[in-house]
Amino acid sequence: MVEVKLEGIVKTFGETVALKGIDLHIKHGELFTLLGPSGCGKSTTLRIIAGLDFPDEGHLYFDDEEVTYKSSSERGAVLVFQNYALWPHMTVYDNIAYGLKIRKLPKQEIEKRVKWALELVKLQGYEDRYPTQLSGGQQQRVAIARALVVEPKLLLLDEPLSNLDAKLRLEMRSEIRRIQRELGITVLYVTHDQEEAMAISDRIAVMNIGQIEQVGTPKEIYEEPKTEFVASFMGKTNVIPAEVVEREGDKVTVEFENFRLDGLTYKDKNDKVVIVIRPERISLHPIENAVAITGKVDLIEYYGFFIEVVGLFGERRIIARTINDKDVAHLRPQGEVTFYIDRNDVLVLPKQSL
Amino acid sequence: MKVSKWSERLFGTPLFEPLVAFSYIFPLLYLIVFLIVPVLSMLLIAFTYDGNISLHWFKSILMDSYYIQLPPQGEFAQKLTTSTGESLYLLRGLDFGVVLNSLVVAILVTLLTAILGTVFAFVMARYNFKGKNFFRIALFIPLLVTPFVNAYVIKQMFSEYGLINYIFHEVLHILPFRIKIDGLAGVVLAQAMAYYPIVYLNAYASFINIDPTLEEQAENLGSRGFHLFRTVTFPLALPGIAAGATLVFIFSLEDLAAPVVFHGDPLAKKLMSYQIFSKFIYGLGERSPEIAALSIIMLALAVIAFLGIRKYVGLRQYAMLSKGGRWKPRISEPKPWQTLLIYLVLLPALLITIFPQLGVVMLAFSERWTTTVLPQGFTIDYIKEMILNPDVRRFIVNSLVYSGAAVILIVLLSITSSYATSRFKGILSPVLESIVILPIAVPGIVVAMGYFYFFSAITPENSPLNPTSLYGFNPALVLILAYSIRRLPFAARSVYAGLQQVHVSLEEASMNLGASRWKTIIGILLPLISLNAFGGAMLSFVYSMSETSVGITLGSINMAQAPITAFMKEVLMSAAGSINIAAALGVLLIVVQITAIVVVNVITKQRYSFIGLT
Ligand SMILES: Nc1ncnc2c1ncn2[C@@H]1O[C@H](COP(=O)(O)OP(=O)(O)O)[C@@H](O)[C@H]1O
Ligand SMILES: [Mg+2]
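Just so it is clear, the model here is predicted, and its values are computed rather than measured. (Residues numbered from 1 in each chain as written. Chains lettered and ligands numbered in written order. Predicted model: local features only at pLDDT ≥ 70, side-chain atom pairs only at ≥ 80, totals over all residues. Heavy atoms only, no water.)

Section: unusual backbone geometry
Part 1 of the reasoning: Omega for the bond connecting B:Leu70 with B:Pro71 falls within 30 degrees of zero, at -5°, which places this linkage in the cis form.
Part 2 of the reasoning: Residue placement: B:Pro71 occurs in the loop between helix H3 (56-63) and strand S3 (77-81).
Part 3 of the reasoning: Even without being glycine, A:Lys104 reaches a positive phi, approximately 55°.
Part 4 of the reasoning: Although it is not a glycine, A:Asn258 adopts a positive phi angle of roughly 70°.
Part 5 of the reasoning: Mapped onto the secondary structure, A:Asn258 falls in the loop between strand S12 (251-256) and strand S13 (259-265).
Part 6 of the reasoning: On the basis of relative accessibility, which here comes to 74%, the residue A:Asn258 falls in the exposed class. (Helix = DSSP H or I, 4+ residues; strand = E, 2+ residues; numbered from the N terminus. Buried < 20%, exposed > 50% of the residue type's maximum accessible area, 1.4 Å probe, protein only.)

Laid out in structure tokens, this is it:
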């Protein structure tokens, strides 16, 4: 178990600046997730922490020890590769025992620990198979067992579920969570899937183009995104450019396309803003303290357990989501629709130049 | 540990790692010391006259009509009459002077092999026909190297009463007269017959690797037949064909076997390779600036061709559009005229080109071959003699030892250089990458002369390492070094290909789990590339055994320590023994080569990776 600190980590590959100065603080025994679109620098961050790449600038600490330029083999931060990187010429047993043999443990101890690891990932009986004789999910478990068996200070997982099919993905997700809780180790998890990140993490750092946009618990990230990017990355949402017309503390009134809404802002002092409204927070029937805006029905989409109504407000499309059939029973294509929106659900954020 | 900007720039590792540095430095130094410096040391001699830097030697070569003869002299074909009164056309070629002769021969051989190789490759890649498997196997036969003896058989085939006249004049009556091919024409013929499969293999690989959807798209747009071939297929395959043809150009330029075999005709001697060779042999001990200048001219021609093709192929990487997956090749049934072409033109051509190797085998098992179509009188005396006569056996043992030692060095050099260039991005990587394949561009006779000047300059006079030593020069070290340099590209390519198939994360995972780089290389990397290394080692072993240029020059100074090829040359040039014993050694080499091919095929389950330039 270890606490990890990154301070001002910068990494360039030739012309591309992969990391523009990363600051992170990962606590003891935490399952911490780096979330961001492909190419934003997640793997690079992970590789720097694992000691497989070295930063151009910045410092990396495990607890109070600086490890920025410590070689990978001495770091004890074990990475599970996205492609698993199992050695094809070794059996499952030999793959898992490898790190223990390197540490020159006695044979019996090695056997005991490999057995323990196999049980942990529920792969008893597969010792003598070769990696090519295993399914994707099994290969992934071997990779995790191989990492865990050496009792790493820190476990690094690079998109561990991205090569699995949807059903297995859910299963392995809870497996990883279970193992992490059981062993209480610090885990740094990388994914581009916001739903996966929400489900598994203690805390999340959202990354975009080599920078951290926001760090927080899944609930904070989802409900109080601090930037337009975070808001739009965390699932389907309405992001609407708007202008502040009235301001009183953190309460503001904004205007877009001749529609006015009340909202909340954290710190923004500009008048050009974006407003973010989650579809499920828009009500299709009157509620207390809500502002009502009326537009035209553009589209009604049935998703099974919920329904989305796309309303047209001037030129602007806004999505509302409901689980109640009755809410849409009276709606007709091109007919009128009224959205009811509470001030607390309208986030006013600085406009980002993306 | 501390980061080192210096290590990062040179070797691509921010932390200085001795093992990585070694992987760069060892092959780099080795090639600099044993290839570049010796060859450059000739520059010094070639550009010095009377103690001053001068172009004297080059001028005297280029002004001399012996070296440059324009317009050419002689008659390409002469009409003679045989003792029985039949007309005989003797084809010898024109004399352009030594330097231009070499160039003309190399260009003609390149063109002939390019046409023949491409036609065979296209037919093999795109058509299904009866006997295709025979074609596939037979096309490898001319690649079996039997120095001197196969050129000897070709000379016999195209002689006055040889096989060709027998079939086409006596039996089929297609030829109304007899022909005899000798001199430079003989050299062109012998080289073209031996080298066209090199173009074939490269061209075949190119045709196979063309994404069929590209041709389908063109067909879809209305292109078909020859138009499709000319506008889409051929341009896409051209880089591969050109790479093979360039290799042939260099091989032709440096070839000594054919000129030695045809040296009965003085015209065949008027080639750069032969001139360097004979001047060296007859003026031994003399460090002639003229030889050095001639070597430099030859080297320049080869290097220009080599750099040209590298640039060209580099610019046209689109040819190998393999996007990972294997596709279904476009194979069709030949049209009637194509069937005729296959059986009436290609099949006879194929049979003629595989005959030399068959002839070598027959020769090894026969008593004599004078004016008859085929060798006469079955005997196993020569095979016996090869095995039992200690004087002959010695050459075999010498060759085995030198080749074996060279292969050990080659494996070490291939692994270190490929590891460095495939895994790290230091500024030395591209340098190393180029220098490792550079030996392809340096003609063997140039290596031999470079070594001669180099070793006679740096080793103590009269020590066994000095080729001018009066007390007996021991060529062992020089030959091992020469083999290891000349055959390195074959193994290095194979190992490099193997390393590219191993994902770096396999090594990273090992180091990340606590293993050192050394343990990672030993435990993870080497087991995963062992088959490639083995294949490369076999290939370079086989071609070390049949190495000619250095073997018959430096290697023949002291016959007690000479390799097989030096002995074979002695037999052909001075009738020191019978040609049949040389053929027996040729058979031995064939056996070694076939064994290697089969073993590599069985063990690595890969197609026998052959000669290529890129
Ligand atoms: N070894 C490398 N050489 C050059 N560019 C790289 C290398 N590794 C990563 N990059 C670049 O750095 C950026 C971040 O990559 P990466 O960390 O792999 O992103 P992610 O894992 O978030 O998808 C990308 O633009 C990528 O192209
Ligand atoms: Mg990644």
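There's plenty left to go through after this.
Some details on a nonpolar patch on the surface
Residues and elements named next belong to chain B.
Part 1 of the reasoning: Judged by side-chain polarity, Ile25, Leu29, Ile32, Val33 and Val37 come together as a nonpolar surface patch covering roughly 350 Å² of accessible area.
Part 2 of the reasoning: Along the chain, Ile25 falls in helix H2 (residues 18-46).
Part 3 of the reasoning: The partly exposed category is assigned to Ile25, whose relative accessible area is 34%. (Patch = residues over 30% accessible without salt bridge, like charges linked within 9 Å, V, L, I, M, F, W, Y side chains within 5 Å. Areas by Shrake-Rupley, 256 points an atom, 1.4 Å probe, with all protein chains shown as cover. Salt bridge = Lys/Arg side-chain N within 4 Å of Asp/Glu carboxyl O.)

Quick look at the packing of aromatic side chains
Part 1 of the reasoning: Throughout the structure, instances matching the rule amount to 40 aromatic pairs over all chains.
Part 2 of the reasoning: Plain terms: the ring middles of B:Phe22 and B:Phe26 are 5.3 Å apart, the flat faces sit at 5° to each other, and that makes the pair stacked. With a gap of 4 residues between them, B:Phe22 and B:Phe26 both fall in helix H2, about one helical turn apart.
Part 3 of the reasoning: Measuring from centroid to centroid gives 5.4 Å for B:Tyr419 and B:Phe424, while their planes differ by 85°, and the two rings are edge-to-face.
Part 4 of the reasoning: Among the residues examined, B:Tyr419 registers a relative accessible area of 3% and is labelled buried.
Part 5 of the reasoning: Relative accessible area serves as the criterion here: at 8%, B:Phe424 is assigned to the buried category.
Part 6 of the reasoning: In this structure an aromatic cluster arises from ring pairing among B:Phe120, B:Phe129, B:Phe134, B:Phe135, B:Tyr196 and B:Tyr343.
Part 7 of the reasoning: When the ring centre of A:Phe306 is taken as origin, the NZ or CZ atom of A:Arg321, which lies over that ring, is 4.5 Å away.
Part 8 of the reasoning: Over the aromatic face of B:Phe395 sits the side chain of B:Arg394, whose NZ or CZ is 4.9 Å from the ring centroid. (Phe/Tyr/Trp six-rings, centres within 6.5 Å; stacked < 30°, edge-to-face > 60°. Lys NZ or Arg CZ within 6 Å of the ring centre and 35° of its normal.)

Section: the pattern of salt bridges
Part 1 of the reasoning: All told, the structure shown has 37 salt bridges over all chains when counted by the stated rule.
Part 2 of the reasoning: Two residues, A:Glu159 and A:Lys42, come together in a salt bridge whose shortest N-O distance is 3.8 Å. Residue A:Glu159 is found in the loop between strand S7 (154-158) and helix H5 (166-183), and its partner A:Lys42 is found in helix H1 (residues 42-50); the two are separated by 117 residues along the sequence. Side by side, A:Glu159 and A:Lys42 carry an identical accessibility label, which is buried.
Part 3 of the reasoning: A salt bridge links B:Arg486 to B:Glu547; its shortest N-O distance comes to 2.6 Å. Of the two residues, B:Arg486 sits in helix H20 (residues 476-486) while B:Glu547 sits in the loop between helix H23 (517-545) and helix H24 (549-552), which places them 61 residues apart along the sequence.

Here we look at the site of ligand 1
Residues and elements named next belong to chain A.
Part 1 of the reasoning: Around ligand 1, the neighbouring residues are Phe13, Ala18, Pro37, Ser38, Gly39, Cys40, Gly41, Lys42, Ser43 and Thr44.
Part 2 of the reasoning: Contacts to ligand 1 include Gly41, whose backbone N or O atom sits 3.0 Å from an oxygen atom.
Part 3 of the reasoning: Within the side chain of Thr44, a nitrogen or oxygen atom sits 2.5 Å from an oxygen atom of ligand 1.
Part 4 of the reasoning: For ligand 1, whose accessible area on its own is 560 Å², the fraction buried by protein is 61%.
Part 5 of the reasoning: In terms of residue count, H1 provides more of the shell around ligand 1 than any other element does, 3 residues in total.
Part 6 of the reasoning: For the shell around ligand 1, the class distribution of residues is 4 nonpolar, 5 polar and 1 charged. (Near = heavy atom within 4 Å. Polar contact = N/O pair within 3.5 Å; in protein donor to acceptor, adjacent residues only side chain to side chain. Nonpolar A, V, L, I, M, F, W, Y, C, P; charged D, E, K, R; others polar.)

Nothing here speaks to function; it is all geometry.
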